[in-house]
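Residues per chain are reported as follows:
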Amino acid sequence: MDPQLLIIGGFVTLAAGALILLSFGPRYRVGRLLAATPKSTIEAARAAAEAGRTVYLRLDGRIDSTAEFEDAEHRPLVFRRTRVQIRRGRGWVTVEDGREAVPFTLDVGLDSVGIDSDALAIGLVVVPREAAGLAGDLPDRVPAGTPPATPVRVIIEQVSSVEHAIALGVPVQRPDGAIELTAGTGRPLILTTLETDEAMRVMTGGDRRRAFLVAVLVGAGLILVASGLVLGLAGSIL
């Protein structure tokens, strides 16, 4: 078999896998960072922040706060994001995006680092709570003139102070001397209360077939490229 055809076929297969990955949107990058960023220590985070060095690192610990607020089920929360979305065409458009937050930390052993909740956006990965209905059910929370039969959904993402969490970000030193994780180096602040595998499932929307297809295409592409290179090298030697 022609080695060049194998190599070309491999790159085409890899490109197909990459296109499917991109279809996951910005969450693909969050997942890649979550999977690839090695676990660091709070001592390393503190040293970097005090030295003014910009490094992106991962810390594992427990959420804590002295100013929690309760949800409807009396869980102590430190962060809650509530989005109201209406259906337009084939997609959803956010018409309300509310946040409630109190200062909180990620405790690692006997030390802790603050979390910049203002920087939490696409990097917040938790199991969302979703309720669906019609615009007529929420007349005061949708734009005026929205037909009452328009599909509406409310998505709630929240973080409790009784959960363990993984946080990725850049440690900085605040004016009061405390250390805080925030977004930086062109990367988002990431916070998840899930194990890495479960976080990946949430970010792919539970679409295991698409994720499996990506794995197959990437694996096949690498095999084809490697086979083409080996055959080409063997042919040049012989």
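Bear in mind the structure is a predicted one, so any value in this text is a computation, not a measurement.

Thresholds, definitions, all that
- Residues numbered from 1 in each chain as written.
- Predicted model: local features only at pLDDT ≥ 70, side-chain atom pairs only at ≥ 80, totals over all residues.
- Heavy atoms only, no water.
- Salt bridge = Lys/Arg side-chain N within 4 Å of Asp/Glu carboxyl O.
- Helix = DSSP H or I, 4+ residues; strand = E, 2+ residues; numbered from the N terminus.
- Buried < 20%, exposed > 50% of the residue type's maximum accessible area, 1.4 Å probe, protein only.
- Contact = heavy atoms within 4.5 Å.
- Core = buried A, V, L, I, M, F, W, Y, C linked by side-chain atoms within 4.5 Å.

**Focus on the pattern of salt bridges**
Considering all chains together, one arrives at 11 salt bridges under this definition. With a shortest N-O distance of 2.8 Å, E100 and R80 are connected by a salt bridge. In this pair, E100 sits in strand 4 (residues 91-101) while R80 sits in strand 3 (residues 76-88), placing the two residues 20 residues apart along the sequence. Residue E100 is classed as partly exposed on the basis of its relative accessible area of 36%. Exposure remark for R80: the relative accessible area of 15% places this residue in the buried category. The shortest N-O distance in the salt bridge between D97 and R81 comes to 2.7 Å. One end of the pair, D97, is in strand 4; the other, R81, is in strand 3, with 16 residues separating them in the sequence. Residue D97 is classed as partly exposed on the basis of its relative accessible area of 39%. Judged by its relative accessible area of 15%, R81 is buried.

**Quick word on unusual backbone geometry**
Even without a glycine there, the phi angle at H74 is positive, about 65 degrees. Overall, H74 belongs to the exposed group, its relative accessible area being 56%. For T185, which is not glycine, the phi dihedral falls at a positive 55 degrees. Within the secondary structure, T185 is located in the loop between strand 11 (179-182) and strand 12 (189-192).

**A look at the side chain of R58**
Assignment of secondary structure puts R58 in strand 1 (residues 57-64). Using a relative accessible area of 13% as the deciding quantity, one classes R58 as buried. Aside from chain neighbours lying at most four places away, what touches R58 is L34, T37, P38, K39, S40, I166, A167, L168 and T196.

**Quick look at the nonpolar core**
What tends to happen in soluble globular proteins is that the nonpolar side chains get buried as a cluster. Grouped together as the largest cluster of nonpolar side chains are 25 residues, with contacts concentrated most on I63, L106, V159, L181 and L191. Of all the secondary structure elements, the ones that give two or more residues to this core are helix 3 (42-51), strand 1, strand 3, strand 6 (111-115), strand 7 (120-125), strand 10 (164-173), strand 11 and strand 12. Not counting the four nearest positions on each side in its chain, L181 is found in contact with L57, L59, V113, G114, I115, D116, A167, G169, V170, P171 and L189. Ranked by size, the runner-up nonpolar core spans 11 residues in total, among them Y56, V125, V170 and I190.

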